[in-house]
Amino acid sequence: MGETPAFEVWHGESMVGQLWDVSVDQPWFLCRFVPGAGWSELSPLLAAQEEARRQQFPKHLIGAIAAVRDLDVELRPVAGGEPIRPWMIYLADGRASFRY
(Lines give C-alpha, C1' and ligand atoms only; values in the text may rest on other atoms or scores of the structure.)
Protein backbone atom coordinates (compact mmCIF):
# COMPACT_ATOMS: atom_id res chain seq x y z
CA MET A 1 0.00 0.00 0.00
CA GLY A 2 1.33 3.43 -0.93
CA GLU A 3 1.94 6.17 1.59
CA THR A 4 0.13 8.79 -0.47
CA PRO A 5 -2.80 8.60 -2.88
CA ALA A 6 -2.07 8.34 -6.58
CA PHE A 7 -4.90 10.70 -7.63
CA GLU A 8 -7.42 13.13 -6.25
CA VAL A 9 -10.86 12.91 -7.88
CA TRP A 10 -12.34 16.34 -8.63
CA HIS A 11 -15.70 17.50 -9.90
CA GLY A 12 -15.55 21.24 -10.53
CA GLU A 13 -14.21 22.87 -7.37
CA SER A 14 -15.04 19.91 -5.15
CA MET A 15 -12.71 17.05 -4.25
CA VAL A 16 -14.81 13.89 -4.45
CA GLY A 17 -12.10 11.65 -2.99
CA GLN A 18 -8.74 10.00 -3.47
CA LEU A 19 -7.55 6.95 -5.41
CA TRP A 20 -4.94 4.71 -3.77
CA ASP A 21 -3.04 1.58 -4.78
CA VAL A 22 -3.66 1.81 -8.52
CA SER A 23 -3.22 -1.39 -10.53
CA VAL A 24 -4.03 -2.23 -14.14
CA ASP A 25 -6.38 -4.84 -15.55
CA GLN A 26 -6.51 -3.66 -19.16
CA PRO A 27 -8.35 -1.65 -20.18
CA TRP A 28 -9.29 -0.71 -16.61
CA PHE A 29 -7.30 0.93 -13.84
CA LEU A 30 -8.35 -0.49 -10.47
CA CYS A 31 -7.82 1.23 -7.14
CA ARG A 32 -9.02 1.83 -3.64
CA PHE A 33 -11.33 4.83 -3.24
CA VAL A 34 -11.42 7.03 -0.15
CA PRO A 35 -14.31 9.55 -0.19
CA GLY A 36 -13.68 13.26 0.26
CA ALA A 37 -15.83 16.27 1.08
CA GLY A 38 -17.55 16.28 -2.34
CA TRP A 39 -18.59 12.61 -2.18
CA SER A 40 -22.05 13.23 -0.70
CA GLU A 41 -23.00 15.45 -3.66
CA LEU A 42 -22.23 12.78 -6.28
CA SER A 43 -22.81 9.54 -4.36
CA PRO A 44 -26.49 9.08 -5.37
CA LEU A 45 -25.63 9.37 -9.05
CA LEU A 46 -22.63 7.05 -8.71
CA ALA A 47 -24.75 4.55 -6.76
CA ALA A 48 -27.29 4.51 -9.62
CA GLN A 49 -24.47 3.87 -12.08
CA GLU A 50 -23.15 1.03 -9.89
CA GLU A 51 -26.64 -0.50 -9.77
CA ALA A 52 -26.80 -0.40 -13.57
CA ARG A 53 -23.49 -2.23 -13.75
CA ARG A 54 -24.58 -4.76 -11.11
CA GLN A 55 -27.69 -5.52 -13.19
CA GLN A 56 -25.56 -5.85 -16.35
CA PHE A 57 -26.68 -2.58 -17.91
CA PRO A 58 -30.42 -2.87 -18.50
CA LYS A 59 -31.84 -0.26 -20.86
CA HIS A 60 -33.96 1.41 -18.17
CA LEU A 61 -30.80 2.23 -16.12
CA ILE A 62 -28.44 3.20 -18.92
CA GLY A 63 -29.09 6.91 -18.29
CA ALA A 64 -27.15 6.71 -15.01
CA ILE A 65 -24.02 5.68 -16.88
CA ALA A 66 -24.33 8.57 -19.33
CA ALA A 67 -24.98 11.01 -16.48
CA VAL A 68 -21.74 10.03 -14.71
CA ARG A 69 -19.80 10.22 -17.96
CA ASP A 70 -21.16 13.74 -18.50
CA LEU A 71 -19.94 14.91 -15.07
CA ASP A 72 -16.51 15.71 -16.52
CA VAL A 73 -14.66 14.28 -13.52
CA GLU A 74 -10.94 15.03 -13.36
CA LEU A 75 -8.20 12.87 -11.83
CA ARG A 76 -5.33 14.99 -10.57
CA PRO A 77 -2.06 13.12 -9.98
CA VAL A 78 -0.83 13.81 -6.44
CA ALA A 79 2.82 13.51 -7.54
CA GLY A 80 2.26 16.16 -10.21
CA GLY A 81 1.60 16.00 -13.91
CA GLU A 82 -1.31 16.55 -16.22
CA PRO A 83 -4.83 15.79 -15.00
CA ILE A 84 -6.69 12.86 -16.55
CA ARG A 85 -10.29 13.03 -17.71
CA PRO A 86 -11.53 9.45 -17.56
CA TRP A 87 -13.91 8.23 -20.22
CA MET A 88 -15.58 5.95 -17.63
CA ILE A 89 -15.24 5.92 -13.85
CA TYR A 90 -16.92 3.86 -11.15
CA LEU A 91 -16.61 4.89 -7.50
CA ALA A 92 -18.26 2.75 -4.83
CA ASP A 93 -17.76 0.91 -1.54
CA GLY A 94 -14.09 1.72 -1.08
CA ARG A 95 -13.15 0.71 -4.61
CA ALA A 96 -12.84 2.45 -7.96
CA SER A 97 -12.16 1.67 -11.57
CA PHE A 98 -11.61 3.99 -14.49
CA ARG A 99 -10.68 4.10 -18.17
CA TYR A 100 -9.30 6.96 -20.18
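Within each chain, residues carry numbers counting from 1 in the order of the written sequence. It should be noted that, the model being predicted, local features are given only for residues of pLDDT at least 70 and side-chain atom pairs only at 80 or more, the latter also being counted only at that level, while totals for whole chains, interfaces and linings use all residues. Hydrogens are left out, water is left out, and the side-chain values use all remaining heavy atoms of the structure.

Time to look at the pairing of strand S1 (residues 7–11). The element S1 is largely enclosed, with a buried count of four among its five residues. Pairing between two strands requires that DSSP report at least two bridges joining them. To qualify as a helix, a DSSP run of H or I must reach at least 4 residues; to qualify as a strand, a run of E must reach at least 2; elements of each kind are numbered from the N terminus. Both S1 and strand S2 (residues 14–25) contribute to a ladder of five bridges, which runs antiparallel. Across the sheet, the residue bridging to Glu-8 is Gln-18, located in S2. Pairing of S1 with strand S4 (residues 74–77), which is carried by four bridges, proceeds in the antiparallel orientation. Residue pairing for S4: Phe-7 is matched across the bridge by Pro-77. Accessibility here uses a 1.4 Å probe with only protein chains present; expressed as a share of the type maximum, an area under 20% marks a residue as buried, one over 50% as exposed, and anything in between as partly exposed.

This part covers the environment of Pro-27. Counting through the fold element by element, Pro-27 comes out in the loop between S2 and strand S3 (28–35). Looking at Pro-27, the relative accessible area reads 37%, which means it is partly exposed. As a C-alpha pair, Pro-27 and Arg-99 span 72 residues in sequence and 6.5 Å in three-dimensional space.

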